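Summary of the model geometry
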Amino acid sequence: MVRIKKSLTGAAVAALALTTLAACGSDDDGGSSSADGGPETADIRVWLNGTDTPQEARDWLKETFEDQNPGSTLTIEQQEWDGLVEKLTTSLSSESETPDVVEIGNTQAPTFTSAGAFAPMTDMLGDLGGDDLLPGFVEGATVDGETYAVPYYAGSKYIFYRKDLLEKAGLEVPTTMDEFVDAAIALKEANPKPANFSGFWFPGQDWRNGATFVWDAGGDLATEEGGEWTPALSSPESITGLETAQRLFMEASGAPKDGNEADPWTPFCAGEVGMMSTPGWVKGLIEDPETGCPDTFAKQMGVFALPGSDGEPAPVLLGGSDIAIAAKSANQDLAEKAVALMLSDDYQTIMAEAGLTPAKDSLASLLGDDEYAAATIEAASNAKLTPAAPGWANVEGSRALEDLFSAIAQGGDVADLAAKADEQMSGQLNG
Amino acid sequence: MMTTTSAREEATVSVTGTRTAPVRPARPRRPDRRRAASSLPYLLVAPAVLALGLALGYPLVRQVLLSFQEFGLAQQFGQPPEWVGLANYEQLFTDAYLWRVTLRTIVFCLVNAAATMVLGVGLALVMRAMSTPVRLLAQTGLLLAWAMPVVASLTVWQWLFDTQYGVINYLLTALGGDFEGHGWLLRPLSFYFVATVVVVWMSVPFVAFTVYAALMQVPDELVEAAEIDGAGRAQRLRHVIVPSIRPVLMVVGLLQVIWDLRVFAQIYILQKAGGSATDTNLLGTYIYRLGIGGGDFGTSAAVAIFMLALTVVLTAPYVWSMIRQERTEA
């Protein structure tokens, strides 16, 4: 036994050394981007996020790119929206791991553009559409006169509701914020079963919808003065907005108080939702026989743009995506060609038909003229961006806002929580 | 550490059979040839040391340097970092949050390591009493749990504990509890309960297998002798079996403490599913949120160094007792 113990001790010491040291480590491989445009043929890796981009568009992109660039291939790798900032932080900084073309949320782009993660695209802006490109998006991706990303699509959330339930509860489609809140609460009261029924489906982590109530009350997430960003969640106006959100969380929503807003079609199709605020492309998933419920609740589906306190459309978050080329990609020329295809009229038409607002103003009519198109256009008319602070993606990455809204949903003291969130954000906003 | 001579001795011992070793009187010591001046052992050890130095030394040095720098996202993409001395550490150590997270981490680690050890050793003892087919079935089950990729199994655990559609809520409600729409991840304590279930479930197979293998090495004669001398079940376990497998228990326990101290994937994925990140961060996820999530690599590196020191401090008594054991018994 003596010998066994001895060798075990040796093994233990070695194992200890291995595991403790392996616990830390960081990779950094400096270096600058390649100066030339890269090889003539290569495999171009395109990162698209979530299921937003329809399959038809993906197929078209791959086929067209490979036709036009014989010898090269294009691979689409689907990423998750959740955790995207972290993923990009690690992969974009590595020359061997970086994808060539990435889709990034328009609110996340500024952090990466100011850090130098993307290759400049100013020279190709004209060819891609110039002034026709959605202006808010181009501005958001421009640092010191250089543009690092172009819009891919836009889309603001609007309200999906169940016509039959509204009717049964004797409610009209609300036209002001107050009416909306009252209707949401009345719907919940009119449907005591199931217990997790939502008059307004509002999971606790959903700060992107939560921001609407802050903005509608005249508050803001953060404000800029002389290039310095300061958090603004504890301003009296913001607090009023957060209190409205808390009322909805506690009296109208049956969604998990700590849940996120992924897969809203699941509760909708389970008959647990009266109203919910989601992107337009959710319609396709509700009507899909595999993910949705085309024969039941989808038939009762109606939409409207969330009304603000003044009766105009409420200031919802201007959602959407940018497309950028990784600065460390070795295939700059080919990547540019792929981006050009993604902004072409053909590709953007497919996107528009799927309910996504195209990247070019001139194509907006492609959305059609049904109630969905009307809601899309109306919601976008008063949409707002998250603060264009250089450190905004860090705020998102640290989950400060998910934590804030989740705590509000659980009935926490709004003023205290807002002050805490402000304190956390103040260290992050300015990069 | 061992020299080549002692390694050879062990090889001999294991061939001639360790089973008689404990009852045999101490063997006469051979003349000590290890002191003979020879560079051969060093040459033989050199490649391993070199590989370790490169694979572990470089990141460690880089990490230490990083912790003295202001290193953000812009530096990640090529801008030169700024040296800030101890500012990162100062900022951390004056922040009550770090100490809260540290306390949580230590408690979580000790609870999990203890639960894993108790369950693992218990299973190993039970396995000894099982008939072969039953044991094979149990071992296959354990092996599957052990071999399951973390992310895949966590997806299933997440579904099991899902607030709205989870099987656990469904079953507890069916059994008469008020668990409809119960949010398991909502409160930190309940969050850690779920995390503990997942972590322990994943670590028990390793402990059970290792301890079971060690139990196989305990000489039957010894246990029998104790039985004849009138030792009851508990006494046999305490005075014969446990001392015989003590080295294995020590190593496995040590590894559990280290692993549970740096637990990451389970907490990270559960945080995405629900619960507040601030209220449930352990050191592992805190480092990640600071660095990769929040783009503050300098401070994040400082926490990582702090965690390394903590690991060393927490495991030092263990290592020390093992070294002492070697000295007194060798």
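Note that the structure is a prediction, hence the values are computed from the model and not measured.

1. Notes on the confidence of the model for chain A
All names here are of chain A. With 92% of its residues at a pLDDT of 70 or more, chain A has an overall mean of 87. For chain A, the element scoring lowest by mean pLDDT is helix α1 (residues 2-22), at 44; helix α10 (residues 236-252) scores highest, at 97. The model gives residues 1-35 a pLDDT under 50, and that stretch makes 74 contacts with residues more than four places away or in other chains.

2. What about the pattern of salt bridges?
Enumeration according to the criterion identifies 12 salt bridges over all chains in this entry. Put simply, Arg399(A) and Asp82(A) hold a salt bridge, and the shortest N to O gap is 3.9 Å. Taken together, the residues Arg399(A) in the loop between α16 (392-397) and α17 (400-409) and Asp82(A) in the loop between β2 (73-79) and α3 (84-91) connect sequence positions 317 residues apart. Here Asp82(A) falls in the partly exposed class, since its relative accessible area comes to 30%. The shortest N-O distance in the salt bridge between Glu227(B) and Arg236(B) comes to 3.8 Å. One salt-bridge network, held together by shared partners, links Arg208(A), Glu261(A) and Glu396(A).

3. Structural notes on the state of the cysteines
Residue and element names in this part refer to chain A. Taken as a whole and judged by the stated rule, the model has one disulfide over all chains. Note on cysteine connectivity: Cys-269 is disulfide-linked to Cys-293, with sulfurs 2.1 Å apart. Judged by the sign of its S-S torsion, about -70°, the cystine formed by Cys-269 and Cys-293 is left-handed. With Cys-269 in helix α11 (residues 265-269) and Cys-293 in the loop between α12 (282-287) and β12 (301-304), this pair connects stretches of sequence that are 24 residues apart. Each of the two residues, Cys-269 as well as Cys-293, counts as buried.

4. A short note on the environment of Gln205(A)
Relative to the helices and strands, Gln205(A) resides in the loop between β8 (198-201) and α9 (207-216). Since its relative accessible area comes to 4%, Gln205(A) is described here as buried. In sequence terms Gln205(A) and Asp361(A) are 156 residues apart; their C-alpha atoms lie 32 Å from each other. Here Gln205(A) is in contact with Asp258(A), Gly259(A), Asn260(A), Glu261(A), Arg399(A), Glu402(A), Gln271(B), Lys272(B), Ala273(B), Gly274(B) and Gly275(B), once residues within four sequence places are set aside. A distance of 2.9 Å separates the side chain of Gln205(A) from the backbone oxygen of Asp258(A), its partner in a polar contact.

5. Observations regarding the domain arrangement of chain A
Where the parts come together, the accessible area they lose is often given as the size of the interface. All names here are of chain A. Split into domains, chain A comes out as domain 1 (43-156 + 319-381) and domain 2 (158-316 + 398-426). Taken residue by residue, the interface counts 13 residues in domain 1 and 15 residues in domain 2. Summing the contributions of domain 1 and of domain 2, the shared interface buries around 1,300 Å²; its carbon and sulfur component is 57%. It is Ser-156, Glu-371 and Tyr-372 in domain 1 that bury the most area against domain 2; as a group they hold 40% of the surface buried on that side. The interface formed by domain 1 and domain 2 contains zero residue pairs in polar contact (both at pLDDT 80 or more). In terms of residues, the side of domain 1 that touches domain 2 owes the most to one element, helix α15 (residues 371-381), which gives seven residues.

About the criteria used
- Residues numbered from 1 in each chain as written.
- Chains lettered and ligands numbered in written order.
- Predicted model: local features only at pLDDT ≥ 70, side-chain atom pairs only at ≥ 80, totals over all residues.
- Heavy atoms only, no water.
- pLDDT = per-residue confidence, 0-100.
- Helix = DSSP H or I, 4+ residues; strand = E, 2+ residues; numbered from the N terminus.
- Contact = heavy atoms within 4.5 Å.
- Salt bridge = Lys/Arg side-chain N within 4 Å of Asp/Glu carboxyl O.
- Buried < 20%, exposed > 50% of the residue type's maximum accessible area, 1.4 Å probe, protein only.
- Disulfide = S-S within 2.5 Å.
- Polar contact = N/O pair within 3.5 Å; in protein donor to acceptor, adjacent residues only side chain to side chain.
- Domains from an automatic or database assignment.
- Buried area = accessible area lost by both parts, 1.4 Å probe.

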